Amino acid sequence: AASVQFRNVTKRYGNVTAVDDVSFTIEPGQLVTLLGPSGCGKTTTLRMIAGLEMASEGQILIGGRDVTNLSAADRDVSMVFQSYALFPHMSVLENVAYGPSVQGASKKDAYEMAMEKLSLIGLKGLEKRAPSELSGGQQQRVAVARALVLEPQVLLFDEPLSNLDAKLRRRVREDIRELQQSLNLTVAYVTHDQEEALAVSDHIIVMSNARIAQTGTPRELYEEP
Ligand code: ADP
Ligand code: ADP
């Protein structure tokens, strides 16, 4: 697991400052939540960790390495998207094997790596199905397996529960937390839901108007002294 560090990072889109002079450190093996209302800059922050957006100012370090100017492909970071973004015409196995294949693994190796992650995440037996033949919770697991198969140093989640029904949400967030702890993964997790943040996080970064309003453990932030 690697650390993630932002040093005075700003992101502008024209006249809009989406992230304004933000600094924080995510320690290795910690799950840190970016919490705040819609439009406060959470997703932009996450996308800058991934290298899907470039910082306008400041420095981003992953595992102590300056990645500020590196593209997503060179960052060793995987993201689980809100919409899962699975390929509908590919089987579950092909979806998960796709990343390793693109990175040059043989078909056989890519399938083996994919099967290993699918087993880990409780999807063994479903590998030949199409994504549309799975439940929402199962599709979400495929998205997680697809992120994990690249053995990233940092795993990112953007509102991972938003497409799940209320009953599944608790279960899935517990699964994500368990997986993160058992694999000792560094995770950045975006949500606007305080209860969710309290339940899953080692540390919470509260954002407001493109800045950090508060940071602390769930206990420090929300329990009575
Ligand atoms: P959150 O994830 O907290 O809802 P975002 O990071 O998506 O917030 O957005 C922060 C601000 O930046 C918002 O005002 C949003 O409209 C703006 N923004 C985000 N992405 C873009 C973009 N690609 N182009 C222009 N403005 C953007
Ligand atoms: P979220 O659910 O994280 O709040 P949004 O609905 O704000 O996401 O944005 C969804 C996508 O649209 C994001 O990738 C974001 O970067 C982009 N986006 C947000 N605001 C704008 C904007 N004003 N102009 C262009 N793209 C935007």
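Residues numbered from 1 in each chain as written. Chains lettered and ligands numbered in written order. Predicted model: local features only at pLDDT ≥ 70, side-chain atom pairs only at ≥ 80, totals over all residues. Heavy atoms only, no water.

The name that an unreviewed UniProt entry assigns to the protein is ABC-type spermidine/putrescine transport system, ATPase component, with the source organism given as Microvirga lotononidis. Listed under Sequence similarities (unreviewed entry) in UniProt, the entry text for the protein is "Belongs to the ABC transporter superfamily." (UniProt positions renumbered as here; feature names shortened; annotations may be inferred.)

**Q** Which residues make up unusual backbone geometry, and what values do they have?
**A** Its identity as a non-glycine residue notwithstanding, Glu159 has a phi of 45°, on the positive side. At Asn209, a residue that is not glycine, the phi angle is positive and equals roughly 50°. Looking at the element boundaries, Asn209 is found in the loop between strand 9 (203–208) and strand 10 (211–216). (Helix = DSSP H or I, 4+ residues; strand = E, 2+ residues; numbered from the N terminus.)

**Q** Now, about the sheet that holds strand 8 (residues 186–191): what can you tell me, with residues and values included?
**A** Paired through backbone hydrogen bonds, the strands of a sheet run either parallel or antiparallel to each other. Strand order in the open sheet made by the 6 strands is 6-7-8-3-9-10, with mixed pairing throughout. What marks the edges here is a single partner per strand, and that holds for strand 6 (77–80) and strand 10. Taking each pair of neighbouring strands and ignoring which way they run, the sheet shows an average axis angle of 20°. In this structure, strand 3 (residues 31–35) lies alongside strand 9, joined through 4 bridges in parallel fashion. When the sheet's bridge partners are listed, Leu34 is paired in strand 9 with Ile205. Across the sheet, helix 4 (residues 136–148) is in contact with strand 6 and strand 7 (154–158); its angle to strand 6 comes to roughly 175°. (Pairing = 2+ DSSP bridges. Axes fitted to C-alpha atoms, helices over the stretch in contact; angles between N-to-C directions. Contact = heavy atoms within 4.5 Å.)

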